[in-house]
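# Descriptive structure summary
Single-letter residue listing:
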Amino acid sequence: MRWCPSSALHLLRCVRLRSCPRRGRNTLPLWIREIWAYMRLLVQSFYFNSLTDSDVVFDSVFEPVFWTVDYVTRWFGTLFVWLVVILVSSILVICYVILLPMVLKTYSPEGIAWHLCYGHWNLVMIVFHYYKATTTSPGYPPTEKNDSPFVSVCKRCIMPKPARTHHCGICNRCILRMDHHCPWLNNCVGHLNHRYFFSFCVALTLGCVYCSISGRDLFLDAYNAIESFKHLDVVKPGVPVTGMGVLIGLLPPGQTNYQTPAPPYTFKDKMIHKSIIYMWVLTSTVAVALGALTIWHAVLITRGETSIERHINSKERKRLAKRGRVYRNPFDYGRLNNWKYFLGVEKKSHWLTRVLLPSGHTPPGDGLTWDAFPVKKDLIPV
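Residues numbered from 1 in each chain as written. Predicted model: local features only at pLDDT ≥ 70, side-chain atom pairs only at ≥ 80, totals over all residues. Heavy atoms only, no water.

### Comments concerning a nonpolar patch on the surface
On the surface, Leu28, Trp31, Ile32, Ile35, Tyr38, Met39 and Leu42 cluster together to form a nonpolar patch covering roughly 700 Å² of accessible area. You can see Ile32 is positioned in helix H2 (residues 30-44). With a relative accessible area of 30%, Ile32 lands in the partly exposed category. (Patch = residues over 30% accessible without salt bridge, like charges linked within 9 Å, V, L, I, M, F, W, Y side chains within 5 Å. Areas by Shrake-Rupley, 256 points an atom, 1.4 Å probe, with all protein chains shown as cover. Salt bridge = Lys/Arg side-chain N within 4 Å of Asp/Glu carboxyl O. Helix = DSSP H or I, 4+ residues; strand = E, 2+ residues; numbered from the N terminus. Buried < 20%, exposed > 50% of the residue type's maximum accessible area, 1.4 Å probe, protein only.)

Printed below as a string of structure tokens:
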């Protein structure tokens, strides 16, 4: 039997490897090597596929922070709702107790009719849409087996997810055509209550602008009155008495100034002035902040997208722009059609009965299926 040189070399190599341990392999304890291997695996898990980017890594690192925010928002939602009710009620008390008597005494009959009609219409719109936005379900995908089309599977619910559906970490459910979770409603804004939310924002903004403009002069008068009486409290008014006045006994002995009586300023007057200032500051602040939010949502509705889809579509535009392509929102039906679909306007009279007056009609469609890239003619011929 012939001796093969290659076999001899292989045998010698195996003997050398077994007899001489590799340098630096077993210098660290086993538990340190296990921790190091686990940390390497944890870091490498961030790059499990080609779709992983900085956003995925950021979400993974800050997941405990997001969970804490969701938990706090879920428990404080009821408190925010009560805060809205208390603030709106305080403005109503000031309007009915303080401002309405002033209007009835000083305004003309035409002005009284305008303020009564507009103010009560605005109040009805605010109360109705806020109640509907908080109590109406935003819409959930079916949990049982069905034949509805879906685009993905929710990683948290482990359920089929239709188009434009997203998972809400606060509600812990998937929401149809989700826009965002509103803590002031303690509810998600989705397919079934998005119109109520937007109408409430519009009505409350108009009401705050109305109070801010109509109450500007009252605010200035109240502010000047408080400042003037503060000045009178610091500097006591008086007329110096000298010469013959002292001799004829106009003043008691030892007194050199005649104190003129201050104008009457009761506690009731002070509370009225402070209430007017409180109303004007609150309504002006809310008008600016909520007005900006309302305008932003109006722009999104015009484009046929939600707040979440705004970020998704922006990323898609950048991604396709690098490839020399143009991204088009598949759910953009045109500016006018987007508003018709959102408001549920099906005929001309609906602009009055469904937009300018309180209406509890449901939005078109079921929120599960959507028409992509429709023809350019009107979806709802109005």
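### So, the environment of Ile170
Relative to the helices and strands, Ile170 resides in the loop between strand S3 (166-168) and strand S4 (173-175). Under the relative-accessibility criterion, Ile170 is labelled buried at 13%. C-alpha of Ile170 to C-alpha of Asn187: the two residues are 17 residues apart in sequence and 9.1 Å apart in space. The residues touching Ile170, leaving out its near neighbours within four places in the chain, are Asp70, Thr73, Arg74 and His181. (Contact = heavy atoms within 4.5 Å.)

### Some remarks on unusual backbone geometry
In the Ramachandran plot, Ile158 falls in the positive-phi region, its phi being about 55° despite a non-glycine side chain. By secondary structure assignment, the location of Ile158 is in the loop between strand S1 (152-153) and strand S2 (160-161). Residues other than glycine seldom take positive phi values, yet Arg164 does so here, at roughly 65°. Along the chain, the position of Arg164 falls in the loop between S2 and S3.

### Details of the UniProt feature "transmembrane region" (unreviewed entry) in the protein chain
Mapped onto the present numbering, the UniProt feature "transmembrane region" (unreviewed entry) falls on residues 79-100, 112-131 and 277-299. Measuring from the first to the last C-alpha atom of residues 112-131 gives 28 Å, for a span that is 100% helix and 0% strand. With 100% helix and 0% strand, residues 277-299 has end C-alpha atoms that lie 33 Å from one another. (UniProt positions renumbered as here; feature names shortened; annotations may be inferred.)

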